[in-house]
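Next come the chains, spelled out residue by residue.
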Amino acid sequence: MTSTPGSGGPTAAPTPRPSDRPAAAPTRLRRRFSRAERLVHRATGTLMLLCVATAACLYVPQLAELVGRRYLVVTVHQWSGLLLPAPFLVGLASPAFRADLRRLNRFAPHDKEWLRAVRRRDFRPESRPAGKFNAGQKLYGGWIAGAVLVMLATGLMMWFTWLTPLVWRTSATFVHDWLSLAVGLVLVGHIGMAFADPEARRGMRTGSVERPWAEREHPLWKEEE
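Residues numbered from 1 in each chain as written. Predicted model: local features only at pLDDT ≥ 70, side-chain atom pairs only at ≥ 80, totals over all residues. Heavy atoms only, no water.

J.: Can you explain the overall build of the protein chain? Please cite residues and give values.
T.: When helices and strands are counted, the protein chain shows twelve helices and two strands. Looking at the protein chain residue by residue over its 225 residues, the buried ones come to 28%. For the protein chain, the proportion of contacts with a sequence separation of at least 24, taken over those separated by at least 6, is 68%. If you sum the accessible surface of the protein chain, you get close to 15200 Å²; carbon and sulfur atoms cover 67% of it. (Helix = DSSP H or I, 4+ residues; strand = E, 2+ residues; numbered from the N terminus. Buried < 20%, exposed > 50% of the residue type's maximum accessible area, 1.4 Å probe, protein only. Contact = heavy atoms within 4.5 Å. Areas by Shrake-Rupley, 256 points an atom, 1.4 Å probe, with all protein chains shown as cover.)

In structure tokens:
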């Protein structure tokens, strides 16, 4: 049988060896948070927002009149506050979560440099060296953890009134009320900063971030690992 002209061209071409094939382009995504870490963050955030929202309904007269059902609001506030440490405790079963806790608990010399740049209002990325977490995130994590413990302790004194003397309950109410206001303001700032940085928000939503963003905002992250 005779072949038609050109029929031998494509089929006769040699198949390139695997070593001769062009290398695949490196992925632009970098893994930032595990699934367990994202679930802990979402559960903690939901409970925290419930605490703040119900507290506002209890202390702001206009909201109290609008919502009503004070006993239900009090119950939701008490149980959401009591369960607030639960996601953290469950998350300790995750190695990735424990590794990030160790990073958050360690202050390095570059964290001091980051804070000095913030004080000078120097917004250049090269002036703010950071590992996986920058100094601001470390301070926020430590502060909010301490605030939750204080709120839990003072809240229990107010809930179980027979456990402590009156003077303790009075002091606990004062601390609880003013610290709750501070927590609410800090949370507003935290949410505002998250909305100002879509890539950071994406990292918490999907677990991955763009490599250029990671190299620019957290240049020392790779060295930490």
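J.: Would you mind going over the environment of leucine 152 in detail, with residue names and values included?
T.: Mapped onto the elements of the fold, leucine 152 is located in helix α8 (residues 135-159). Here leucine 152 falls in the partly exposed class, since its relative accessible area comes to 21%. Between the C-alpha atoms of leucine 152 and proline 85, which are 67 residues apart in sequence, the distance is 8.9 Å.

J.: Lay out the packing of aromatic side chains with the relevant residues and their values.
T.: For the structure shown, the criterion picks out five aromatic pairs. Ring plane angle 75° and centroid distance 5.7 Å describe the contact between phenylalanine 88 and phenylalanine 97, whose orientation is recorded as edge-to-face. According to the relative accessible area criterion, phenylalanine 88 is partly exposed, its value standing at 37%. The class of phenylalanine 97 is buried, set by a relative accessible area of 11%. (Phe/Tyr/Trp six-rings, centres within 6.5 Å; stacked < 30°, edge-to-face > 60°.)

J.: Explain the packing of helix α4 (residues 70-82) against α8 residue by residue, including any values.
T.: Interaxial distance between α4 and α8 falls to 10 Å at its minimum, and their mutual angle equals 140°. Accordingly, the angle class assigned to the pair α4 and α8 is oblique. Our pair here, α4 against α8, has a crossing hand that is left-handed. Where α4 approaches α8, its residues Gln78, Trp79, Gly81 and Leu82 are matched on the opposing element by Leu152, Leu156 and Trp159. (Axes fitted to C-alpha atoms, helices over the stretch in contact; angles between N-to-C directions. Parallel < 35°, antiparallel > 145°, perpendicular 65-115°, else oblique. Left-handed = near helix turned anticlockwise from the far one by under 90°.)

J.: Can you break down a nonpolar patch on the surface residue by residue, with the values?
T.: A contiguous nonpolar surface patch, about 620 Å² in accessible area, is contributed by Val150, Phe174, Val175, Trp178, Leu181 and Leu185. If one sorts the elements of the nonpolar patch by residue count, helix α9 (residues 166-196) sits on top with five residues. (Patch = residues over 30% accessible without salt bridge, like charges linked within 9 Å, V, L, I, M, F, W, Y side chains within 5 Å. Salt bridge = Lys/Arg side-chain N within 4 Å of Asp/Glu carboxyl O.)

J.: Give a description of the layout of surface pockets that names residues and reports values.
T.: The method is simple in principle: a probe with the dimensions of a water molecule rolls over the atoms, and the space it marks as empty is what remains. By volume, the second largest pocket is sized at about 760 Å³. Lining the second largest pocket are 31 residues, and of these Cys51, Ala55, His77, Met151 and His176 lie nearest its centre. Here the element with the most residues in the lining of the second largest pocket is α8; it accounts for nine residues. (1 Å grid on protein atoms, 1.4 Å probe; cavity = no way out; pocket = protein on both sides within 12 Å on 5 of 7 lines; lining within 4 Å. Points joined across faces, edges and corners; volume = space filled by probe spheres on them.)

J.: Could you give an account of the pattern of salt bridges, naming the residues involved and the relevant values?
T.: Following the criterion strictly, the structure yields nine salt bridges and no others. Ionic pairing is found between glutamate 210 and arginine 28, a salt bridge with its closest N-O pair at 3.2 Å. With a gap of 182 residues between them, glutamate 210 in strand β2 (residues 208-210) and arginine 28 in the loop between α1 (8-12) and β1 (29-31) connect regions that are remote in the sequence. Given a relative accessible area of 52%, arginine 28 falls into the exposed group. The shortest N-O distance in the salt bridge between aspartate 122 and arginine 124 comes to 2.9 Å.

J.: Which residues make up the nonpolar core, and what are the values?
T.: Counting residues in hydrophobic clusters, the biggest one holds ten residues: Leu47, Met48, Leu84, Ile144, Ala147, Val148, Met151, Leu179, Val183 and Leu187. For this core, the elements supplying multiple residues, two or more each, are α2 (35-59), α8 and α9. For alanine 147, the contacting residues outside a window of four places in its chain are Leu179 and Val183. (Core = buried A, V, L, I, M, F, W, Y, C linked by side-chain atoms within 4.5 Å.)

J.: Break down the side chain of threonine 54 for me, citing the residues and quoting the values.
T.: The residue threonine 54 is located in helix α2 in this model. Judged by its relative accessible area of 9%, threonine 54 is buried. Side-chain polar atoms of threonine 54 contact the backbone oxygen of cysteine 51, separated by 3.1 Å. Side-chain polar atoms of threonine 54 contact the side chain of histidine 77, separated by 2.8 Å. Once you skip the residues sitting within four places of it in the chain, threonine 54 turns out to touch Val73, Val76 and His77. (Polar contact = N/O pair within 3.5 Å; in protein donor to acceptor, adjacent residues only side chain to side chain.)

J.: Please give an account of unusual backbone geometry that cites residues and values.
T.: Excluding glycine, residues mostly carry a negative phi; peptide bonds, for their part, are mostly trans. The phi angle at arginine 121 is positive, at roughly 60°, despite the residue not being glycine. Turning to its location among the elements, arginine 121 is positioned in the loop between α7 (109-119) and α8. On the basis of relative accessible area, arginine 121 is assigned to the exposed category, the value being 65%.

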